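A look at the structure
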Amino acid sequence: MLKRITKWMYFGMLMVILMVALAGCQGGSETGGPANNGQGASPSEQGQESQNLPPDEGDPSSSPEEDEGGKPPANAPQNAVDKLMSTMTVKEKIGQLVLVGIEGTTPDDTSRKLLKEYHVGGFIFFKDNIESTEQSVQLLNDLKKANAANPVPLWLSIDEEGGRVTRFPDEYVKLPSSGEVGSRQDLELTKNVGGLIARKVSGLGLNMVFAPVLDIDSNPNNPVIGDRSFGTTAEEVSSQGIASMKGIQEKEVVPVVKHFPGHGDTSVDSHLGLPVVEHNLKRLHELELVPFQQAIDDGADVVMVAHLLMKSIDPDTPSSYSKPVITDLLREEMGFDGVVITDDMTMGAVSGNTDVGEASVQSILAGSNIVLIGHEYAQEEAVIQALTEAVDSGVISEELLNDRVRTTLELKDKYRLSDEPVKVPDVKQLNADTKAVIDQMK
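Per an unreviewed UniProt entry, the protein carries the name Glycoside hydrolase family 3 domain protein and comes from Paenibacillus vortex V453. Annotation of the protein in UniProt includes, under Sequence similarities (unreviewed entry), the sentence "Belongs to the glycosyl hydrolase 3 family."

1. Observations concerning the packing of helix α5 (residues 109–116) against helix α15 (residues 377–393)
Where α5 contacts α15, the axes come no closer than 11 Å and their chain directions differ by 15 degrees. The orientation of α5 with respect to α15, classified from their angle, is roughly parallel. In the packing of α5 onto α15, the handedness of the crossing is left-handed. Contacts between α5 and α15 involve Thr 110, Ser 111, Lys 113 and Leu 114 from the former and Tyr 377, Glu 380, Glu 381 and Ile 384 from the latter. For the contact of α5 with α15, a count of residues per class yields 3 nonpolar, 2 polar and 3 charged.

2. Structural notes on the environment of Leu 309
By secondary structure assignment, the location of Leu 309 is in strand β8 (residues 309–310). Those residues in contact with Leu 309 that sit more than four places away from it in its chain are Leu 274, Pro 275, Val 276, Val 277, Asp 314, Pro 315, Asp 316, Thr 317 and Pro 318.

3. Some thoughts on helix α11 (residues 290–297)
Buried within α11 are the following residues: Val 290, Pro 291, Phe 292, Ala 295 and Ile 296. Backbone geometry just after α11 places Gly 299 at a positive phi near 95 degrees.

4. Side note on empty space enclosed by the protein
Scanning the model with the defined rule gives 3 cavities of 30 Å³ or more in all. Reported here for the largest cavity is a volume of approximately 80 Å³. Forming the walls of the largest cavity are 13 residues, and the residues nearest its centre are Glu 161, Ser 178, Ile 197, Phe 230 and Ser 244. For the lining of the largest cavity, the secondary-structure elements that each account for two or more residues are α7 (178–183) and α8 (187–203). Counting residues per element, the lining of the largest cavity draws most heavily on α8, which supplies 4 residues. Broken down by class, the residue content of the lining of the largest cavity amounts to 8 nonpolar, 4 polar and 1 charged. For the second largest cavity, the calculated volume is near 40 Å³.

5. Some remarks on unusual backbone geometry
Cis peptide bonds are those with omega within 30 degrees of zero, and the linkage from Ala 211 to Pro 212 qualifies with 5 degrees. Assignment of secondary structure puts Pro 212 in the loop between β4 (208–209) and α9 (234–250). A cis amide bond links Lys 258 to the next residue, His 259, at an omega of 0 degrees. Structurally, His 259 can be placed in strand β5 (residues 254–260). The backbone of His 119 sits at a positive phi, close to 55 degrees, despite the residue not being glycine.

The rules behind these values
- Every chain is numbered independently, its residues counted from 1 as its sequence is written.
- Local features in a predicted model are, by the rule used here, given only for residues with pLDDT of at least 70; side-chain atom pairs are given and counted only at 80 or more, and totals for whole chains, interfaces and linings are based on all residues.
- Heavy atoms from the whole structure form the basis of all side-chain values; hydrogens and water molecules are not counted.
- UniProt positions are given in the numbering used here, feature names are shortened, and annotations may be inferred rather than shown by experiment.
- Each axis is a line fitted through C-alpha atoms, and for a helix only the stretch in contact is used; angles between axes span 0 to 180 degrees, taken between their N-to-C directions.
- Each helix is a run of H or I in the DSSP string that is no shorter than four residues. Each strand is a run of E no shorter than two, and both are numbered from the N terminus.
- Roughly parallel here means an angle under 35 degrees, roughly antiparallel means over 145, roughly perpendicular means 65 to 115, and every remaining angle is called oblique.
- A crossing counts as left-handed when the near helix is turned anticlockwise from the far one by less than a right angle, and as right-handed when that turn is clockwise.
- In this analysis, two residues are considered to be in contact whenever any of their non-hydrogen atoms come within 4.5 Å of each other.
- Residue type decides the class: Asp, Glu, Lys and Arg count as charged, Ala, Val, Leu, Ile, Met, Phe, Trp, Tyr, Cys and Pro as nonpolar, and the leftover types, Gly among them, as polar.
- Each residue gets one of three labels from its accessible area relative to the maximum for its type: buried under 20%, exposed over 50%, partly exposed in between, using a 1.4 Å probe on protein chains only.
- A pocket, in this scheme, is an open set of points on a 1 Å grid over the protein atoms alone with protein on both sides within 12 Å along at least 5 of 7 lines, while a cavity is a set where a 1.4 Å probe fits but cannot get out; residues line either one if an atom lies within 4 Å of a point.
- Grid points are joined across faces, edges and corners, and a volume is the space filled by probe spheres set on the points.

Written out as structure tokens, the structure reads:
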């Protein structure tokens, strides 16, 4: 009996050995294609095979898409913005921190230098830059063409609120002021006016408008706000301002709500000097900050910070480069995670009291993404140089620079900005639609 068992055990072991050998002969064709006459590929051939595969089609263990925990590694591009940032130079990133003005009605050598050498993120246009519809379209198309070598499309921006704040040629019928629109208490009308502003803006090839104004007209002696405001109460300005903001957004133009933290109750024009706001935080949260908070909650993309000395928040530094105002209040307390841009740093409130380059560096450190320098090429280059020196010295760290730029690029990507040229718009139709709104308000 024992011999019989031993015999069958020997026979079974022999069968196992034969099956293993057979499997070994067939393994090459199952796992790697042809068996190569029983020989493995040479080291040089193995290297050639792996080099011919895109990175994400080679060995999964070396793929950049996931680490061992199933999460993307920190240095792996995750979206279009991250991929773009991974290709940008430090100079190109610094350029995205500024939005500048130009002189004249056609691109000149300095404006081309701002693009070619400094890679500026965009331009603001004033009345002096705009003579006619055809000229304006040509100017913007020429700047877009000059930006072709840069990896990021331009912000092309303008102040266009309606009423007395307009930069458009005389051939356009003017829209009524925000005060006139707001007085009708018709949110659909306000939204339509916002849409018309956006259509006028985009018709020239612009993609950003510094509107709506969310300041409350609470001081009749205010020399700069007045009928630029939608009303005299927080409720009026909030509802009307958000309707205008939505009308602009729906026409795929970026609205910039302004002038945070509230320029309504001031008696000094910040173009000329530094206004001082004495109100405590309780009052600010009950009035001035209400429209901004509601706009943030309703999807504001960009907030412009004004040049105001907010005594109860930061008694030493104007709000446009104050960390307690921009980071502590606007970002952390009010929850804004979008783009922060300053009011024009060449205004008297800043340029009359401090070095504009140093103030611009402090603004980026305080939480801004973009500093606006609307006038004087010398000032614009001085600001860019100051920012460059701050980055080179580590005052602005690489991490902080990337954080500020990424937010801007995400917004450009959201609105699908492009440097493609545009055609001359139908001004007659825009004027007809504007007249219809005016007739509706009668």
